[in-house]
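Listed here are the chains, written in short residue letters.
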Amino acid sequence: MRVHYPRTPHLPWSPGATADDVRAGDLSGMRGREVVVTEKLDGENTTLYHDGMHARSLDSGHHPSRAWVKGLQGRIGAAIPPGWRVCGENVYARHSIAYQELESWFYGFSVWDGDHCLDWDRTVRFLRGLGVPVPPVLWRGVFDERALRALRLDTTRQEGYVVRTVAGFGREEFAGRVAKWVRPDHVQTGTHWMHAAVVENGLGPAAALWAVRSGAAADVPALLAAVGAEKEPEEPAEDVKAVVAEASAGLDVLGRTGDARLSGVLAALLHRARRPWLMARLAGPLGVPQARRVADLAGLHAALHRPHPDEDRRAGLVRMSFAADLGVLHAVARAVLAGRGGEEAAEAREQVEWSALHAEDAGLLGPEPLEPLRAGLREALAGLAPEAADRCWAEARDAYARGRIATAEEAVAACWRWRSGAFPRLVHLTGPSGSGKSSFAAGLPGIDVVVSLDDLREARGSRAGQRDNQEVLGEGLDRLDAALAGGGTVVWDATSLNRHQRSLVHAVARRRDALVTHAVTVVEEDELHRRNATRAHPVPPHVLTAQLHRFVPPYPGEAHRTWYVGPSGGVDDVDGVLDDDGQGA
């Protein structure tokens, strides 16, 4: 059934309301509720369904400006459940505002399940999964008329804003839950856009990313430009295109859309890049959560090319699933072999297929194979202190990987000893010099002891001295052991660049049964060199360069939890958190 989108009432202070417009005379449906304010885009109201689309008018006919959105519906329609509809703005054609940096020619602003409008956060997640962006968010908070009246827009580039409640609502409540502010004289063209020549609005660099999310063929040069990796990869252009096309086809067979599809395509495209470089470089355009997933796919895919003992394969695949969607990982592992001949490539293909069979048999090829286990554990442990719950989740997924448990009920029984939270905590910093580790640790609440190898060197006479490294390390490990034995929370402050260095610390933590949290700093190389030059205690530039080349960030699952500390110095992504509100596994 096709549904006409309701008319959105104007806020009382909207200067663009005309005599024919609907006005919101009563704002009681918003007062006291959390609302979100998004930019009102200057386009054509459009609704997409599982099996079709229309503009505001249910009988809207063909217009050249609607052709691109019809193609989008053809790509994503299968992922819209029957009975649902996606409402948004078609901004392909220029109306009164000439856009230059759009992320897409279609932005979604609401998703409806029958007569119910989904809550805003679920709307954003659903649309992102389809590969559809939402309009820029200008403000969010409990409804505050004074704050909304104080919003200032550039009316030469912005038509207005829309306010809606964050919570979902029924169609009959629409007039009380949604309202808009529109600039005065918002139609500023003499000829109606429907009767004028179609002029495309301009797309920005991010449009290449959203196109891939929505199932479009990848534009390799545009993708590279969008993520700031124009000099990568090193293969001939035709080989790169073949790899990307193979990855895209494999992901489409799996039905992966949104961020999962983009992650797989980028990992295949940039599979030769060093993982820490990739994680830091992509953090800007993609955000840390997706950047680290692309980097982990790029780092792990080659493991599927190598033979492994079959008796260990399931455990290895489960552990890989902590870091990567195994369906996407196998698609990347296949794709990077595209066009390669020879015995070695043939053997690698065979190993990938054999691995995929094992993963399928173990039920690990879906997007979130461990989610039923986590959901059951989360429900059973509701109300438990967060760190105790996280420890239980970490131990449960380790036991699942070892084949010792298979259900949530078994997980609950297996983690009884950690539910009290009576164990010490270790925050293990890892990252090159100058990446912000010490500053991050200084802002953590409830820290009892900081074991800093730099401080121990300084106590011996030289903070930069490397001659006594073994003795300094030994002294640090002894201090760590004593601090953990006393309980509380301890920070290990050192570069910990590789798995061997981290293993020495982990051995002490295991002996004291500590909850281990990796804090991985994600900072670009150029920024690290810039910071190093202004530090009170800089390391020689060649030493920092050597650190960057030796840095192998830990994968999810190497500690009970992992925090990813972004360029701003805060935790931008997590792994191993039981109640993570959708941020990580």
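The structure we're discussing is the one just above.
Quantities reported herein were computed from a predicted structural model and do not represent experimental measurements. (Residues numbered from 1 in each chain as written. Predicted model: local features only at pLDDT ≥ 70, side-chain atom pairs only at ≥ 80, totals over all residues. Heavy atoms only, no water.)

Caption draft 1: View of unusual backbone geometry. Notably, Ser496 is not glycine yet its phi reads approximately 45 degrees, a positive angle. Here Ser496 lies in the loop between β13 (489-493) and α20 (499-511). Accessibility expressed as a relative area gives 4% for Ser496, which makes it buried. (Helix = DSSP H or I, 4+ residues; strand = E, 2+ residues; numbered from the N terminus. Buried < 20%, exposed > 50% of the residue type's maximum accessible area, 1.4 Å probe, protein only.)

Caption draft 2: View of the pattern of salt bridges. Enumeration according to the criterion identifies 41 salt bridges in this entry. Where Arg512 meets Asp481, a salt bridge forms, and the shortest distance between an N and an O atom there is 2.9 Å. A residue pair is termed long-range when its members are at least 10 positions apart, and Arg512 in the loop between α20 and β14 (515-521) and Asp481 in helix α19 (residues 469-485) qualify at 31 residues. Residue classification places Arg512 among the partly exposed residues on the basis of a relative accessible area of 33%. Connected via shared salt-bridge partners are Arg275, Arg292, Arg293, Asp296 and Asp573. (Salt bridge = Lys/Arg side-chain N within 4 Å of Asp/Glu carboxyl O.)

Caption draft 3: The packing of helix α12 (residues 326-335) against helix α13 (residues 343-361), seen in detail. Relative orientation of the contacting elements α12 and α13 amounts to 170 degrees, with a least axis distance of 10 Å. Here α12 lies roughly antiparallel to α13, going by the angle between them. Where α12 abuts α13, its residues Leu326, His330, Ala333 and Arg334 lie against Val352, Glu353, Ser355, Ala356 and Ala359. Of the residues that constitute the contact of α12 with α13, the class distribution is 5 nonpolar, 2 polar and 2 charged. (Axes fitted to C-alpha atoms, helices over the stretch in contact; angles between N-to-C directions. Parallel < 35°, antiparallel > 145°, perpendicular 65-115°, else oblique. Contact = heavy atoms within 4.5 Å. Nonpolar A, V, L, I, M, F, W, Y, C, P; charged D, E, K, R; others polar.)

Caption draft 4: The arrangement of the packing of helix α11 (residues 310-323) against α13 in detail. Running from N to C, α11 and α13 point in directions that differ by 70 degrees, and their axes come no closer than 10 Å. One element, α11, and the other, α13, form an angle in the roughly perpendicular class. In this structure, α11 uses Asp310, Arg313 and Leu317 to contact α13, whose residues at the interface are Gln351, Trp354, Ser355, His358 and Ala359.

Caption draft 5: Fine view of the sheet that holds β14. Ordered by their spatial adjacency, 6 strands build an open sheet running β12-β13-β11-β14-β15-β16, and the pairing between neighbours is mixed. In this open sheet, the two edge strands, each paired with only one partner strand, are β12 (449-452) and β16 (571-575). Here the average twist between neighbouring strands, direction ignored, is 20 degrees. Sheet topology note: the strand β11 (residues 425-430)/β14 ladder contains 6 bridges and is parallel. Looking at the pairing, His428 lines up with His518 of β14. Each of β11, β13 and β14 touches α20; the most contacted strand, β11, lies at about 175 degrees to it. (Pairing = 2+ DSSP bridges.)

Caption draft 6: Spotlight on the pairing of strand β5 (residues 106-113). Most of β5 sits inside the fold, with 7 of its 8 residues counted as buried. The sheet contact formed by strand β4 (residues 84-90) and β5 spans 7 bridges and is antiparallel. By the bridge assignment, Trp84 is partnered in β5 with Asp113. Pairing geometry for β5 and strand β6 (residues 116-117), over 2 bridges, is antiparallel. Paired with Asp113 across the strands is His116, a residue of β6.

Caption draft 7: Structural view of the sheet that holds strand β8 (residues 160-165). Strand order in the open sheet made by the 4 strands is β7-β1-β8-β10, with antiparallel pairing throughout. This sheet does not close on itself; its edge strands, each paired only once, are β7 (137-142) and β10 (178-182). With direction set aside, neighbouring strand axes in the sheet form an average angle of 20 degrees. As judged from the 6 bridges shared by strand β1 (residues 34-40) and β8, these two strands associate in the antiparallel manner.

Caption draft 8: How the structure looks around the environment of Leu317. Mapped onto the elements of the fold, Leu317 is located in helix α11. Judged by relative accessible area, Leu317 falls into the buried class, the value being 2%. C-alpha of Leu317 to C-alpha of Ser355: the two residues are 38 residues apart in sequence and 8.3 Å apart in space. Sequence-distant contacts of Leu317, that is, excluding residues within four places in its chain, are made with Leu304, Leu326, His330, Ser355, His358, Ala359 and Leu364.

Caption draft 9: Inspection of the side chain of Gln547 at higher detail. Relative to the elements of secondary structure, Gln547 occurs in helix α22 (residues 541-550). With relative accessibility at 8%, the residue Gln547 sits in the buried group.

Caption draft 10: Inspection of the side chain of Arg85 at higher detail. Looking at the secondary structure, you find Arg85 in strand β4. Despite being buried, Arg85 has no salt bridge partner; Asp115 is the closest side chain of opposite charge, sitting 4.6 Å away. Within the structure, the side chain of Arg85 is placed 2.6 Å from the backbone oxygen of Gly114, a separation counted as a polar contact. Excluding its chain neighbours within four sequence positions, the residues that come into contact with Arg85 are Val3, Thr47, Leu48, Tyr49, Ser110, Val111, Trp112, Gly114 and Arg171. (Lys, Arg positive; Asp, Glu negative; His and termini not counted. Polar contact = N/O pair within 3.5 Å; in protein donor to acceptor, adjacent residues only side chain to side chain.)

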